[in-house]
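Architecture at a glance
The residues making up each chain are set out below.
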Amino acid sequence: MGVFYVTTPIYYPNAPPHIGHAYTTVYADVLARYHRLLGDETFYLTGTDEHGLKLQRVAERAGKNPKELVDEMALVYKRYWAQLDISYDRFIRTTDPDHEELVRWALREMRSRGYIYKGRYSGWYCVDCEKFYSEGEYVVVEGKPHCPIHRKPLEWVEEETYYFKLSVFEQHLRKTIPERVYPDYYAREVLGKLDKEGLRDISISRPRSRVWWGIPIPWDPEHTTYVWFDALLNYLTGAGLLSDRGRFERLWSNVHHVIGKDILWFHTVIWFSMLEALDISPPRRVIVHGFLINRGLKMGKSAGNVIAIEDLVERYQGSDGARYVLMRVFNPGKDVDISFELFDSIYNSDLADNLGNLVRRVSTLALRKLGGLVEASGVDGRIERAVERALEEYASHMESFDVSNAIQSVMAALREANAYINETRPWEKARPSEELYSLLEAIRAAANALQVVIPRAAARTAAALGFELDRPDRGLDSQRVYKVRESPILFKKVRG
Ligand code: ME8
């Protein structure tokens, strides 16, 4: 048995999550469920990133204390994740006491090793990104520097600050990034940027007079910790670095950070350096994905092109449909241009017409022809080949984190099963036992594999057809007896 530790970014709770956040969170959930089923010691961490100027301002505008605001919003996030059946093991908040303690510990530790020093800083800052932009990075609109992502004017900031000696880690980064970033072209992208721009030390604190909503620097409370520095450390808190060293070592040996490509630099250059400064090994893997885009722009609040999670859940009749369409389009490398037309066609052809239809046809025939009792029999060679191939492909795609192709392999076997019914015409036979047994085995294998994406439909299928869900890598069986109880409609077709 192995160990599998998976994390999502911790999201800014200044607004509720949308399907871009769900894209990452469902994906990490699928990986976590897969490893749990394989028997690995699995830990899934998600949460909210609650400090910093952005949250401070949103709270001020709403006339609230930031803590009051983030308390409310953390509940909103948990409600959405419950709606999507996200099986996280901990929901971490950067205002959790154990996290604040860990941040103070990390700052002291890095300072005592000589990686933190005081200086002055000036530069152009984007509050929405919580990030400084240098010349060449920002865009100039009407003579003024603007954020390249949010297109809003940047703010000029000049102040005393603590620096982290990022510049000393270049060799370490060049050595470790290539083998740990997946897919590997993102590693090349980061190293390319490193070649072009080099590394400068980064500012990791803010004067409390300007940003008071943050963790005070332990030896100088007139400064608060930069929100990104605070946020990245959540991955150590979550694994219990200060509370259970043994468990931490186990989890950290196989940690997988799932992130969108917008925060790649933070999760490689900055994070790997922070870890090295603490004498902790870099993460086993950073798994990066592209954006969901809508009408040509990255889906997001500032672009005003957000699709709401509740709309997806409603349209696709619950969490399974919503999870499925997001995972079916999941693409690490490319941005995906989404629309309800695209999601409708995926939902209808894969879930309603293929899986749902097959389960309904097979259960109806089993009830009608065999009174629901389908006894052990060999599996037809054609079904056997299709299922075995699908399971092999599924496992190899899942091992390389390619969820979309893993589920498409299973869908191909189910299409083959539907074709097999059309051609063997079991409804014309008196007792089509072998056909129905073969088809039930195909459905069982598919439910085992697809349960990581559509847990509810898999459980309903198992209950209706009379089998227990099993590990996704278990193959076919010729020793079972099926007692089919009902012919469920798993997915009703959606009309445009
Ligand atoms: O960056 N397409 O939080 P955030 C795909 N707090 N993924 C998307 C997306 C889209 N259109 N929109 C958002 C932060 N995401 C920091 C993280 S981690 C230590 C701190 C997803 O609320 C994607 O995973 O801005 C992206 O990286 C993340 O949400 C950004 O969330």
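Residues numbered from 1 in each chain as written. Predicted model: local features only at pLDDT ≥ 70, side-chain atom pairs only at ≥ 80, totals over all residues. Heavy atoms only, no water.

Of the regular secondary structure elements, the protein holds 17 helices and 20 strands. Radius of gyration (C-alpha) of the protein: 26 Å, near the 23 Å computed for a compact globule of 496 residues. Taking the principal axes of the C-alpha coordinates as reference, the protein spans close to 85 × 50 × 40 Å. In the protein, buried positions account for 57% of the 496 residues. (Helix = DSSP H or I, 4+ residues; strand = E, 2+ residues; numbered from the N terminus. Rg over C-alpha atoms; globule rule 2.2 N^0.38 Å. Buried < 20%, exposed > 50% of the residue type's maximum accessible area, 1.4 Å probe, protein only.)

Here we come to the sheet that holds strand E9 (residues 181–182). Pairing is parallel across the open sheet formed by six strands, whose spatial order is E3-E2-E1-E14-E15-E9. Strand pairing shows two members of the sheet lacking a second neighbour, strand E3 (90–93) and E9, which therefore form its edges. Bridge analysis of strand E1 (residues 3–11) against strand E14 (residues 255–260) gives three bridges, and the strand direction is parallel. Paired with Thr 7 across the strands is His 257, a residue of E14. (Pairing = 2+ DSSP bridges.)

The largest bend in helix H13 (residues 340–370) comes to about 35°, at Asn 357. Looking one or two residues past H13, Gly 371 carries a phi angle of roughly 60°, positive in sign. (Bend = angle between axes of the 7 residues up to and from the residue.)

This part is about the site of the ligand. In the vicinity of the ligand lie 25 residues, with Ile 10, Thr 24, Asp 49, Asp 262 and Leu 292 positioned nearest. Notes on the ligand: free accessible area 670 Å², of which the protein chains cover 94%. Going through the elements one at a time, E1, helix H1 (19–37), helix H7 (227–232) and helix H8 (234–238) are the ones with two or more residues in the shell around the ligand. Of the residues forming the shell around the ligand, the biggest block, four residues, is contributed by H1. Of the residues contributing to the shell around the ligand, the split by class is 13 nonpolar, nine polar and three charged. (Near = heavy atom within 4 Å. Areas by Shrake-Rupley, 256 points an atom, 1.4 Å probe, with all protein chains shown as cover. Nonpolar A, V, L, I, M, F, W, Y, C, P; charged D, E, K, R; others polar.)

Here the focus is helix H17 (residues 455–465). Among all positions of H17, only Pro 455, Ala 457, Ala 458, Thr 461, Ala 462, Ala 464 and Leu 465 are buried. Summarising the contacts, the buried residues of H17 are in contact with H1, helix H12 (319–328), H13, helix H16 (433–450) and strand E20 (482–483). Among the residues trailing H17, Gly 466 stands out with phi positive, at a value near 80°. (Contact = heavy atoms within 4.5 Å.)

Going from Tyr 182 to Pro 183, the amide bond is cis rather than trans, its omega being -10°. For Pro 183, the position within the fold is in the loop between E9 and helix H6 (184–197). Look at Asp 85: it is not a glycine, yet its phi comes out positive at around 55°. Checked against the element boundaries, Asp 85 lands in the loop between helix H3 (66–83) and E3. Residue classification places Asp 85 among the buried positions, given a relative accessible area of 14%. A positive phi angle, close to 55°, is found at Glu 130, a residue other than glycine. Secondary-structure assignment places Glu 130 in the loop between strand E4 (116–126) and strand E5 (131–133). The class for Glu 130 is buried, based on a relative accessible area of 2%.

Enumeration over the complete set of coordinates arrives at 31 aromatic pairs. Ring geometry for Tyr 316 against Phe 343: centres 6.5 Å apart, planes inclined by 85°, an arrangement best described as edge-to-face. Here Phe 343 lies in helix H13 and Tyr 316 lies in the loop between helix H11 (309–315) and H12, a separation of 27 residues in the sequence. Taken together through their ring pairs, the aromatic side chains of Tyr 5, Phe 43, Tyr 235, Phe 248, Trp 252 and Trp 271 make up a single cluster. Across from the ring centre of Phe 43, 4.7 Å away, lies the NZ or CZ of Arg 247, which sits over that ring. The ring of Phe 291 has Lys 298 sitting right over it, with the charged end atom 4.6 Å from the ring centre. (Phe/Tyr/Trp six-rings, centres within 6.5 Å; stacked < 30°, edge-to-face > 60°. Lys NZ or Arg CZ within 6 Å of the ring centre and 35° of its normal.)

Moving on, we get to the sheet that holds strand E18 (residues 336–337). Taken together, the three strands give an open sheet; going across it, the order is E17-E16-E18, and neighbouring strands pair in mixed fashion. In this open sheet, the two edge strands, each paired with only one partner strand, are strand E17 (297–298) and E18. By the bridge criterion, two bridges tie strand E16 (residues 292–294) to E17 in an arrangement that is antiparallel. Each residue of the ladder has a partner; that of Ile 293, found in E17, is Lys 298.

Applying the stated rule across the entire model yields 39 salt bridges. For the salt bridge of Asp 85 with Arg 456, the shortest nitrogen-to-oxygen distance reads 2.7 Å. Of the two residues, Asp 85 is situated in the loop between H3 and E3 and Arg 456 in helix H17; the sequence distance between them amounts to 371 residues. Within the structure, one salt-bridge network assembled from shared partners comprises Glu 50, Lys 67, Asp 71 and Arg 93. (Salt bridge = Lys/Arg side-chain N within 4 Å of Asp/Glu carboxyl O.)

Before going further, it helps to examine the nonpolar core. Phe 164 and Leu 236 are the most contacted members of the largest nonpolar core, which totals 168 residues. If one sorts the elements of this core by residue count, H13 sits on top with 12 residues. When sequence neighbours within four positions are dropped, the list of residues in contact with Leu 236 reads Leu 102, Leu 241, Phe 248, Trp 252, Trp 271, Leu 275, Leu 278 and Ile 280. Among the nonpolar cores identified, the runner-up in size contains six residues, and Cys 126, Tyr 133, Cys 147 and Leu 154 belong to it. (Core = buried A, V, L, I, M, F, W, Y, C linked by side-chain atoms within 4.5 Å.)

Glancing now at the packing of H13 against H16. Interaxial distance between H13 and H16 falls to 10 Å at its minimum, and their mutual angle equals 145°. The handedness of the crossing between H13 and H16 is left-handed. Contact with H13, carried on its side by Leu 355, Leu 358, Val 359, Val 362, Leu 365, Ala 366 and Leu 370, involves Ser 433, Leu 436, Leu 439, Leu 440, Ile 443 and Leu 450 of H16 and no other residues of that element. Its residues assigned to classes, the contact of H13 with H16 shows 12 nonpolar, one polar and no charged. (Axes fitted to C-alpha atoms, helices over the stretch in contact; angles between N-to-C directions. Left-handed = near helix turned anticlockwise from the far one by under 90°.)

Everything listed here is a matter of coordinates, which is why it stays silent on function.
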